[in-house]
Amino acid sequence: AKVYKYQYKFRGFPKYTDLKITEEELPEIQDGEYLAQAVYLSIDPYMRAYANSLPVGSTMIGTQIAIIIESKNPNFPVGKYVLGDFGWRTHTISNGKLENEKIPQHILPQHDNIPLSYHLGILGLVGYTAYFGLLNICKPKEGETVVVSGAAGGVGSLVGQIAKILGCTVIGIAGSDEKGKWLTGELGFDHFINYKTDDVKKALTIAAPNGVDCYFDNVGGDVSSKVIYQMNEFGRIAVCGCISNYNSINEPEDVLLQFPITFKQLRMEGFVISRWADSFAEASLQLLEWIKEGKLKCRETVTEGFENTFEAFKEMLKGRNVGKAIVKF
Ligand code: NDP
């Protein structure tokens, strides 16, 4: 198996030399085990955020779709596809229960006309994050104004579309005009703000003249502070992530959010998607239905080749992905 191992802890923007590709000789599988070969690897921002909590020398974390090529475990038969937190590696031996898995390994259902890779995005944690973060924390009502940052990414592009299904006015914030065209042209977002070139505060007062009721925050930092200052009384903020800070070596800037939170009586709540693990099946059914009805569209940015995995990770952190970032092996 080829495996990416941490060579150094990331400091600032990750460097190619922080990881090292090694060859690992795999033993024969034992009773209860299976051997899987990676097909798709999910590229996610959390990899940057969590990587440094792992010891140097361990395998770079990540979720895979892999095909089972040998098996001595009846629950994981040869030829089936499995979802597992195997990390950045080509082959994995598992007994079906690796420790520290966000979600347990399981055989993936194959739906007609739905790409298998969707299980890393819209029909996986990314989809559940958009669905539960929006419905359970933002709780948008028909006619309200919803803002989402990181709007053209895996999570953000779904949040905006679900908010449209619920009858809201949707404003997406992202980092390029090409992304904006996709959001307003194809996904039905009402407005787009380019946080790199627009004055976010001014653009928001124009796009949301009646203020913002819900904010789904994927990025944190200055952009989020500007949105939060435009919120209406009793507004709700789902704090999903803060990618603007993941590569920073500086302490976060001190912005006084308590002011709007107090006087506008806002509710701001962070979440980690595993909180709703018991309801993933329900979300999956609903998301699948919306895909089939043509109400949810999704896009993937696919990088080919194990050797290009670091490149895909770097490009995602730089915002070069539209929709879900994945690597195909
Ligand atoms: P994305 O597909 O959105 O990819 C990351 C995007 O972040 C890039 O495309 C880039 O787009 C944007 N970005 C990068 N740097 C910055 C910056 N400095 N400021 C603003 N935007 C930036 O990733 P995901 O959809 O997978 O994840 C989105 C967020 O959700 C992340 O913060 C992630 O950590 C979080 N998350 C949280 C979960 C939870 O359980 N709470 C579960 C899953 C994800 P652009 O061109 O717009 O800059």
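Residues numbered from 1 in each chain as written. Predicted model: local features only at pLDDT ≥ 70, side-chain atom pairs only at ≥ 80, totals over all residues.

- The name an unreviewed UniProt entry gives the chain is Prostaglandin reductase 1, with Phyllotreta striolata as the organism.
- Its UniProt record gives the chain a comment under Subcellular location (unreviewed entry), which states: "Cytoplasm".
- As stated in UniProt under Sequence similarities (unreviewed entry), the record for the chain gives "Belongs to the NADP-dependent oxidoreductase L4BD family." (UniProt positions renumbered as here; feature names shortened; annotations may be inferred.)

Thoughts on the overall build of the chain
Piece 1. In terms of regular secondary structure, the chain is built from 10 helices and 15 strands.
Piece 2. In terms of overall dimensions, the chain is globule-like: its C-alpha atoms have a radius of gyration of 20 Å, near the 20 Å expected for 329 residues.
Piece 3. Across its three principal directions, the C-alpha atoms of the chain cover 65 × 45 × 35 Å.
Piece 4. Evaluated residue by residue, the chain yields a buried proportion of 41% over its 329 residues. (Helix = DSSP H or I, 4+ residues; strand = E, 2+ residues; numbered from the N terminus. Rg over C-alpha atoms; globule rule 2.2 N^0.38 Å. Buried ≥ 20, exposed ≤ 12 C-beta atoms within 10 Å, placed from the backbone.)

Section: the environment of glutamine 265
Piece 1. Inspection of the secondary structure puts glutamine 265 in the loop between α8 (258-263) and β13 (267-270).
Piece 2. In this structure, the C-alpha to C-alpha distance between glutamine 265 and phenylalanine 234, residues 31 residues apart in sequence, is 5.2 Å.
Piece 3. Discounting residues that sit within four places of it in the chain, glutamine 265 has contacts with Glu233 and Phe234. (Contact = placed C-beta atoms within 7 Å.)

Comments concerning unusual backbone geometry
Piece 1. Residue lysine 139 is not a glycine yet carries a positive backbone phi of 45°.
Piece 2. Within the secondary structure, lysine 139 is located in the loop between α2 (125-138) and β8 (145-149).
Piece 3. In this structure lysine 139 comes out as partly exposed when scored by C-beta crowding, with 14 C-beta atoms within 10 Å.

A few points about the site of the ligand
Piece 1. Around the ligand sit 30 residues, and of these Gly153, Gly154, Gly175, Gly241 and Gly319 come closest.
Piece 2. Residue assignment for the shell around the ligand shows that the elements contributing at least two residues are α2, α3 (154-165), α7 (243-246) and α10 (309-317).
Piece 3. Among the residues forming the shell around the ligand, the class breakdown is 16 nonpolar, 12 polar and 2 charged.
Piece 4. Two domains each provide a minimum of three residues to the shell around the ligand, namely domain 1 (2-121 + 299-328) and domain 2 (125-274). (Near = placed C-beta within 6 Å. Nonpolar A, V, L, I, M, F, W, Y, C, P; charged D, E, K, R; others polar. Domains from an automatic or database assignment.)

Here we look at the pairing of strand β6 (residues 91-94)
Piece 1. Only one face of β6 is covered, namely the one carrying Thr92 and Ser94; the face carrying His91 and Ile93 has none of its residues buried.
Piece 2. As paired strands, strand β3 (residues 34-42) and β6 are joined by 4 bridges and run antiparallel to one another. Looking at the pairing, alanine 36 lines up with threonine 92 of β6. (Pairing = 2+ DSSP bridges.)

Brief notes about helix α5 (residues 200-207)
Piece 1. Here α5 has its buried residues at Val200, Leu204 and Ala207. Take α5 and look down its axis: the buried residues cluster within an arc of 70°, on one side only. Turned more than 90 degrees away from the buried face of α5 sit Lys202, Thr205 and Ile206, all of them exposed.
Piece 2. Looking at the packing, one finds that the buried side of α5 touches β9 (169-174), β10 (191-194) and α6 (221-228). (Arc of directions from axis to C-beta.)

Focus on the pairing of strand β15 (residues 324-328)
Piece 1. With 4 of 5 residues buried, β15 is to be regarded as a mostly interior element.
Piece 2. In terms of strand pairing, β3 meets β15 through 3 bridges, oriented antiparallel. The partner of tyrosine 40 across the bridge, within β15, is lysine 328.
Piece 3. The pairing of strand β14 (residues 300-304) with β15 spans 5 bridges and is parallel. Bridge pairing in β15 places glutamate 300 opposite lysine 324.
Piece 4. Once the chain exits β14 it traverses α10 before rejoining the sheet at β15, and the crossover so formed is right-handed. (Right-handed = clockwise from strand over helix to strand, strands pointing away.)

Quick look at the nonpolar core
Piece 1. In terms of nonpolar packing, the biggest core is built from 55 residues, with Leu134, Val146, Val159, Tyr215 and Phe216 touching the most fellow members.
Piece 2. When residues of this core are assigned to their parent elements, the largest contribution, 7 residues, is made by α2.
Piece 3. In contact with tyrosine 215, not counting residues within four places along its chain, are Val147, Val227, Ile228, Met231, Gly235 and Ile237.
Piece 4. Counting residues in each nonpolar core, the second largest holds 28 residues, with Tyr40, Met60, Trp88 and Met316 among its members. (Core = buried A, V, L, I, M, F, W, Y, C linked by C-beta atoms within 7 Å.)

Examining the confidence of the model for the chain
As a note on interpretation, predicted positions should not be read in detail where pLDDT is low.
Piece 1. Predicted confidence across the chain gives a mean pLDDT of 95, with 99% of residues reaching 70 or more.
Piece 2. Predicted complex, confidence summary: ipTM 0.99, pTM 0.96. (pLDDT = per-residue confidence, 0-100.)

Considering the domain arrangement of the chain
Piece 1. In terms of domains, the chain is made up of domain 1 (2-121 + 299-328) and domain 2 (125-274).
Piece 2. For domain 1 and domain 2, the distance between their C-alpha centres works out to 29 Å.
Piece 3. In this assembly, 14 residues from domain 1 lie in contact with 15 residues from domain 2.
Piece 4. Grouping the constituent residues of the side of domain 1 that touches domain 2 by class yields 5 nonpolar, 5 polar and 4 charged.

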